[in-house]
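Fold and contact review
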Amino acid sequence: MVTGIFGDRLIVAAPTPIRADESLDLDAFALMVDGDISRGVEGIYVAGSSGEGLLLSTDERIALTRSAVEAAGERIPVYAHVGALSTREAISLAGAAREAGAAAISMIPPLYYKYSTAEVVAHFRAVIDAVDIPFILYNIPQFTGRDISEGGFEGVLELSQVVGIKHTSQNLYGAERLIQRYPHLTLINGFDELYLPALSIGARGAIGTTVGLQIELFRSLRARHARGDVDGARTVQTRINETVQALVQEGVFAAAKYLAGKQSTPLGTCRRPLPGLDDDARRRLDAVWDRLRDSVRSTSTEDALS
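The structure reproduced in this document is the subject of the present report.

The rules behind these values
- Residues numbered from 1 in each chain as written.
- Predicted model: local features only at pLDDT ≥ 70, side-chain atom pairs only at ≥ 80, totals over all residues.
- Heavy atoms only, no water.
- Helix = DSSP H or I, 4+ residues; strand = E, 2+ residues; numbered from the N terminus.
- Rg over C-alpha atoms; globule rule 2.2 N^0.38 Å.
- Buried < 20%, exposed > 50% of the residue type's maximum accessible area, 1.4 Å probe, protein only.
- Contact = heavy atoms within 4.5 Å.
- Lys, Arg positive; Asp, Glu negative; His and termini not counted.
- Charge placed at Lys NZ, Arg CZ, Asp CG, Glu CD.
- Axes fitted to C-alpha atoms, helices over the stretch in contact; angles between N-to-C directions.
- Parallel < 35°, antiparallel > 145°, perpendicular 65-115°, else oblique.
- Left-handed = near helix turned anticlockwise from the far one by under 90°.

**With respect to the overall build of the chain**
- Tallying secondary structure elements over the chain gives 12 helices and 8 strands in all.
- Computed over the C-alpha atoms, the radius of gyration of the chain is 18 Å, within 12% of the 19 Å expected from 2.2 N^0.38 for a compact globule of 306 residues.
- In terms of overall dimensions, the chain has C-alpha extents of about 50 × 50 × 35 Å along its principal axes.
- Across the 306 residues that make up the chain, the buried fraction comes to 55%.
- Contacts in the chain between residues at least 24 apart in sequence constitute 72% of all its contacts with a sequence separation of at least 6.
- One finds the centroid of the 31 positive side-chain charges in the chain at a distance of 1 Å from the centroid of its 38 negative side-chain charges.

Structure follows, in structure tokens:
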């Protein structure tokens, strides 16, 4: 297993290649992982929101994690999202991730039924007690309807096996309060468009949909922030956000998968009921890709001259 769970790693929330018959294309996935590593990505997060994890079967999610670990080898860590509707399935996914060699697992709260906070805490603790592997809480309230930063999760956040929080929320105040209350935890930014603001409150690293598409920009922003070049870091954040905005306008998951396919091999469409892209959307995204490459070149030139 790769040493060092986080540091300040820039981790791609990897898309999942889906063939026309909706089967997984693990060969394409391995090529994508290898390409991401060659461009400087520092970790792979599988079966999350961008990876359509909740639209995959348990067997598919296990196969995806194994494929990621095999493709990454000893070069970078793999993080497996194991959130599921049932505690039993989450435990099964967590055990398989540990066996495969994942560096850590990550979980959203269970969905659909109106669970109490105590019931969600019990769900998390059951998985933590069952599988000995580092654990990352995944806070994404716009999808789950529950904001972990609002309190009630002390019984999980205080556990030694819980090492971080993936914070995919605009509530940076809540995130900052979490860091102050639980300084042993690593706060990992989850919204690419908020990477710089998250760094300013103490976040370390990022897990994001567009990290693989514009890893050069993320690395540049991190370096500028570290040396105190706030204006320069803000300029790069604006460039990152231009791509994020364009992808959101087309449907972020399908758009990110399409552009990621331009870096390695076509990754197919999204699993239904997530929508795909029409020809006009692909043409607009081709123009986004050209602008992004120009932005990467500009940023690299600036960094070389600084």
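**A short note on the packing of helix α11 (residues 252–263) against helix α12 (residues 279–305)**
- Packing of α11 against α12 leaves a shortest axis separation of 10 Å and a crossing angle of 60°. In terms of their interaxial angle, α11 and α12 are classed as oblique. Taken as a pair, α11 and α12 cross one another with a handedness that is right-handed. For the pair α11 and α12, contact is made by Ala 255, Tyr 258, Leu 259, Lys 262 and Gln 263 and by Arg 282, Leu 285, Asp 286, Val 288, Trp 289 and Arg 293, respectively.

**Let's talk about the side chain of Arg 239**
- The residue Arg 239 is located in helix α10 (residues 230–250) in this model.
- Not counting residues up to four positions away in its chain, the partners in contact with Arg 239 are Gln 214, Leu 217, Ser 295, Ser 298, Thr 299 and Glu 302.

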